[in-house]
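Coordinate inspection notes
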Amino acid sequence: MDLQSKSIDNIKVLTLTGRFDALTSPKVQSWLEDVSKNQPAQIVVNLSGVNFIDSTALSTLVAGMKRARQAGGDLRLCKLQQPVRMIIELTRLDKAFEIFPGEEETVQSFSAS
Amino acid sequence: MLRQILTRNHNQIKAIAEAWFSSGANYFGVLENETPLFEFRTRSTGDIELTQQLLRAPIDSNVRVEVRLPGLVISGAQTRLSAEANLIAQVIRLSTNLEGLTAELIDTQDQLLAIYNLTQGTRHYIDIEKLLKQLAKETAELVRADSAFVVLEMPGQSYFVEHYPEKMLDDRYLDLAYRSARQTGHPYLSSEELRTKALVNFLLVPIRILDEPSAALGFTKKTGDFMSPDMKLAQALAEHSGAQIENVLLYKKNLDQMKLQTELELAHQVQLNLLPRKPPHINGLDLWAASRPALQVGGDFFDFQQKKGHPLSFAVGDISGKGLPAALLMSMTRTAIRSKANDTPSPSPGDIVSEVNEELYDDFTDVNMFATVFVGQYNHRHLIYANAGHSPVIYRPVRGEARLLEADGTALGVLPTSFSQDHELTFQPGDLLVVGTDGLNETQNEKQEMFGYDRLLDLVNTVSDFPAQEIGQALYQAVTSFGAGEPQFDDQTLMVIKGI
C-alpha cells in the first residue's frame, strides 16, 4: 500500500492507495502516531485508492481517531470506495467517524468546527 | 641495539679476546665509530709500547675490532682478525634476524590471542547490535586500524552500521564503498583521490550472510596503507564475522518462532477452553455453533448461556486484532457479557452491550482494539438482540428471503457510549438466524476475490430447510472450497439458530 502525506495549513492529509489490512496497517499506525505526537492533530485520511480494508485497518483508524479526539483534534475520512463504505457502514463506524465525499470539504470542515 | 646483541654474546667475544691475549696481545676492542663498545686488556696494559702493532678489521661500515700486539709480528694475525670480525658480523646478523623473528612471533601470538578473544567474546552474544559492536572493536585492534565498522542489512530496512571506537568515515564514502563491494563481491580499497576527500584510508570487505551479500566489515586508517597481509587478515575476519552474525540471526529467528509458537498455543488454549463444547437443549430451537481458528489466532468467540429463571442468552463476537492480546481481550469481553447476562432481573441485550462497552472502553483504548458483538436472548418464540458493529448476521424468516440484520451501534471500544438498541423478532418454526464473523465473508480465493455477503445470503436461502448443524456445515464447506489453496487469515465462527 502506498502512503502519501501533505499538510494544508495545520491539517495533515494522508492519502492511501492499495490494500489496507493487517500487513499494511503498521505503516499507517506509525504515521498517525507521528503526527499526533506534539499537537492536537487534525487529520484527513483520503481512502480514494483503497479497495480493501480489514478489521485491523479499521482498528488502526479508530485508534487514530480516539487519540486525536482525546487531544482535542479529530481524524476524518473521505472518498470511500464502495467496498470500504460497505464495511464501514456494516460495522456502524459511520457513526463514529465524520465522513465526507471530497477531500477539500473534509479539510474545510476543520476550520468550520 | 648493537651493544645489546654484543652483550648477549659477551662470553664468545671474551673467548676471542683471551685467545689473542694468549697470542701476546694486550688489547682487544670492538668499536663503533671511535667509541669502544667492549674493551679487554691484559693486566700489563697501561703504558702502550711504541713498537706495538695495531690490527683492525671491519665488522660493518661503522663497527670494527681492534687488536694491539706489542713486539712481535705474528704472521697471519690480520687474516685471523678479519675472519673473526666476519664471525662477529655473522653473529650480529643472526641475532638481529632472531630478534626480528621473535618480535613477529610475539605479534602473531598476540593476533592469535586476539582472534581467540574475538571468538570467545562474540560467541555468547544473542543481541545482534552488541555482537556488531564487539566485532568492530576486536577487528579494529587486530588490523591495527584507527577505526572499524560493521555494516548489516536488515530485511525490509536499509542497512545499519556499528562503528568502533567512533565514526571516522563519512556516510557518503561508506555507502559508496558498501554498494560497490556488495555488487562486485570483492573488497573495496579507497583510491588516492577518495583518500584525499575522505581524509582517511579505508578498506571494506563484503560479507555474505545466509548466502546473500548483506553485510560488510570495514576499516579506516588516518595514516599508512592497507598492505597485503592487512587485506588477507581483514578477509579472514570478515568470514569469521559473517559466521557469527549468521549464528545470531538464526538464533534470533528460532527464538522469535518459538515465542510466536508459544503465543499461538496459548491463544489457541484460551480460545478453545472458552468455547462451549455443546449448545444447550432449548424447547423450540435447533442450535449449532462452531469456530475455526486461523493459524494466527484471532479473537472470535461464541457463547450460549442458560441460567434458571433467565432466558437463553447467546453471543458472537470478534476482536479486531490477532494473537494473544486479542485472545485475552476476547476472554474479558466474553466474561463481561456472561456476567451481565446473569444479573437479576435480566438486562436486555442492548443494556448488556451498553454496560460492557462502558466497562471495557478504556481497556480497548489501551490496546488499540475493538470488538464487534451480537448479543441475543430467546424466550418463548421471541428473540431480542442488540448488534454492536457485528456482521454478518443473516435472518431468514420461514416464508421470506435471507437478509442481513445490520448493526445500529458501533463496536465495543469505539465510542464511550453505545448506540445499540434492542430489536425484536418473532421466532417461529422454520425461522432461521445465522450469525457469523467476517472471517467467512472475507475469505478470499486465489484471485483475491472475497466470498462476500451475496454468496452467504444465497447459500442460506438454499440450505434453509436443513437442520442447524447441516446448515452450518454447508456454509463452512462452501467457504472452504471457495478459498481452496489460500491460507485462512482470520477465525471463522458460525452460530445457527433455527426455530423448530
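Residues numbered from 1 in each chain as written. Chains lettered and ligands numbered in written order. Predicted model: local features only at pLDDT ≥ 70, side-chain atom pairs only at ≥ 80, totals over all residues.

1. Points about the overall build of chain A
Secondary structure assignment for chain A yields 4 helices and 5 strands. Counting helices and strands in the order they occur from the N terminus, chain A gives β-β-α-β-α-β-α-β-α. By the burial criterion, 45% of the 113 residues in chain A qualify as buried. Residue pairs in contact within chain A that sit at least 24 positions apart in sequence constitute 69% of those at least 6 positions apart. (Helix = DSSP H or I, 4+ residues; strand = E, 2+ residues; numbered from the N terminus. Buried ≥ 20, exposed ≤ 12 C-beta atoms within 10 Å, placed from the backbone. Contact = placed C-beta atoms within 7 Å.)

2. Quick notes on the overall build of chain B
Regarding its fold elements, chain B presents 12 helices and 19 strands. Put simply, chain B has 500 residues, and 38% of those count as buried. Within chain B, contacts between residues at least 6 apart in sequence are counted, and of these 64% link residues at least 24 apart.

3. Observations concerning the sheet that holds strand E5 (residues 147-153) of chain B
All names here are of chain B. Spatially, the 5 strands line up as an open sheet ordered E6-E5-E9-E8-E7, and their pairing is antiparallel. Where the open sheet ends on each side, the last strands, each with one partner, are strand E6 (159-164) and strand E7 (188-189). Strands E5, E6 and strand E9 (212-221) of the sheet are contacted by helix H4 (residues 128-143), whose axis makes an angle of about 145 degrees with E5. The sheet strands contacting helix H7 (residues 228-274) are E5, strand E8 (201-209) and E9, and the helix crosses E8 at an angle near 40 degrees. (Pairing = 2+ DSSP bridges. Axes fitted to C-alpha atoms, helices over the stretch in contact; angles between N-to-C directions.)

4. A word on the pairing of strand E10 (residues 285-292) of chain B
Residues and elements named next belong to chain B. Residues Leu285, Leu287, Ala289 and Ser291 line the buried face of E10, whereas the alternating positions Asp286, Trp288, Ala290 and Arg292 sit on a face that is not buried. With 8 bridges connecting them, E10 and strand E19 (residues 492-499) associate as antiparallel partners. From the neighbouring strand, leucine 287 faces E19, where its bridge partner is isoleucine 497.

5. Here we look at the environment of A:Ile87
Relative to the helices and strands, A:Ile87 is located in helix H3 (residues 82-90). When the 21 C-beta atoms within 10 Å are taken as the criterion, A:Ile87 is described as buried.

6. Re the packing of helix H8 (residues 323-341) of chain B against helix H9 (residues 349-366) of chain B
Residues and elements named next belong to chain B. Running from amino to carboxyl end, H8 crosses H9 at an angle of 145 degrees, the nearest separation of the two axes being 10 Å. The crossing of H8 and H9 is right-handed. Residues Met332, Thr333, Ala336, Ile337, Lys340 and Ala341 of H8 form the contact with H9, whose participating residues are Ile352, Glu355, Val356, Glu359, Leu360 and Asp363. (Left-handed = near helix turned anticlockwise from the far one by under 90°.)

7. Some remarks on the sheet that holds strand E2 (residues 11-20) of chain A
Residue and element names in this part refer to chain A. Spatially, the 5 strands line up as an open sheet ordered E1-E2-E3-E4-E5, and their pairing is mixed. Of all the strands in the sheet, the pair left with one neighbour each is strand E1 (2-8) and strand E5 (99-100). The sheet contact formed by strand E4 (residues 74-78) and E5 spans 2 bridges and is parallel. In the sheet register, leucine 77 faces E5, and the bridge partner there is isoleucine 99. Here helix H1 (residues 25-35) sits on the sheet in contact with E1, E2 and strand E3 (42-53), set at roughly 20 degrees to E1. Its contacts with the sheet put helix H2 (residues 55-70) on E2, E3 and E4, and the angle it makes with E4 is roughly 140 degrees.

8. Description of H7(B)
In this model, H7(B) (47 residues) spans 68 Å end to end at C-alpha, consistent with the 69 Å of a helix rising 1.5 Å per residue. The set of residues buried in H7(B) consists of B:Ala234, B:Leu237, B:Ala238, B:Ser241, B:Gly242, B:Gln244, B:Ile245, B:Ala267 and B:Gln271. (Expected span 1.5 Å × (residues − 1).)

9. Thoughts on the packing of H7(B) against H8(B)
All names here are of chain B. Interhelical geometry of H7 versus H8 gives an angle of 20 degrees and a closest axis separation of 8 Å. As summarised for this structure, H7 and H8 are arranged roughly parallel, according to the angle between their axes. The element H7 and its partner H8 pack so that their crossing is left-handed. Packed against H7, whose contacting residues are Glu263, Leu266, Ala267, Val270, Gln271 and Leu274, the element H8 presents Gly323, Leu324, Ala327, Leu328, Ser331 and Arg334 at the interface. Per-class residue counts for the contact of H7 with H8 are 7 nonpolar, 3 polar and 2 charged. (Parallel < 35°, antiparallel > 145°, perpendicular 65-115°, else oblique. Nonpolar A, V, L, I, M, F, W, Y, C, P; charged D, E, K, R; others polar.)

10. Thoughts on the confidence of the model for chain B
Segments scoring low in pLDDT should not have their predicted coordinates read at a detailed level. Counting all residues, the mean pLDDT for chain B is 87, and 95% of those residues have values of 70 or more. Predicted complex metrics record ipTM = 0.88 and pTM = 0.61. (pLDDT = per-residue confidence, 0-100.)

11. What to know about H8(B)
Residue and element names in this part refer to chain B. The end-to-end C-alpha distance of H8, which contains 19 residues, comes to 27 Å, matching closely the 27 Å that a straight helix rising 1.5 Å per residue would cover. When H8 is considered as a whole, its buried residues turn out to be Ala326, Ala327, Leu329, Met330, Thr333, Arg334, Ile337, Lys340 and Ala341. The buried residues of H8 occupy one face: seen down the axis, they fall within an arc of 165 degrees. Looking at the buried residues of H8, the elements they touch are H7, strand E11 (299-305), strand E12 (312-319), H9 and strand E13 (371-379). (Arc of directions from axis to C-beta.)

12. What about the nonpolar core?
Counting 91 residues, the largest nonpolar core has B:Val373, B:Val375, B:Leu412 and B:Met495 as its most contacted members. No other element matches H2(A), which puts 7 residues into this core. Not counting residues up to four positions away in its chain, the partners in contact with B:Leu412 are B:Thr333, B:Val356, B:Asn357, B:Leu360, B:Phe364, B:Phe370, B:Ala371, B:Val373 and B:Ala388. The next biggest cluster of nonpolar side chains, apart from the first, holds 37 residues, and it includes B:Ala145, B:Ala148, B:Leu203 and B:Ile207. (Core = buried A, V, L, I, M, F, W, Y, C linked by C-beta atoms within 7 Å.)

13. Some words on the pairing of E9(B)
All names here are of chain B. Among the 10 residues that make up E9, 8 are buried, leaving the element largely enclosed by the rest of the structure. Summarising the sheet, E5 and E9 pair through 6 bridges and their orientation is antiparallel. Across the sheet, residue valine 151 finds its bridge partner in E9, namely alanine 216. Where E8 lies against E9, 9 bridges are found, and the strand directions are antiparallel. Residue pairing across strands places proline 206 opposite alanine 216, the latter belonging to E9. Here E8 hands over to E9 after 2 residues, with leucine 210 in that stretch at a positive phi of 45 degrees.

14. Side note on unusual backbone geometry
Residue and element names in this part refer to chain B. With an omega of -10 degrees, the peptide bond running from tyrosine 164 to proline 165 counts as cis. Along the chain, proline 165 falls in the loop between E6 and helix H5 (171-184). In this chain, serine 391 is followed by proline 392 through a cis amide linkage whose omega measures 0 degrees. Along the chain, proline 392 turns up in the loop between strand E14 (382-388) and strand E15 (393-396). A positive phi angle, near 55 degrees, is found at asparagine 368, a position not held by glycine. With respect to the element layout, asparagine 368 can be found in the loop between H9 and E13. Residue asparagine 368 is classed as buried on the basis of its C-beta count, with 20 C-beta atoms lying within 10 Å. Unusually for a residue other than glycine, glutamine 448 sits at a positive phi of about 65 degrees.

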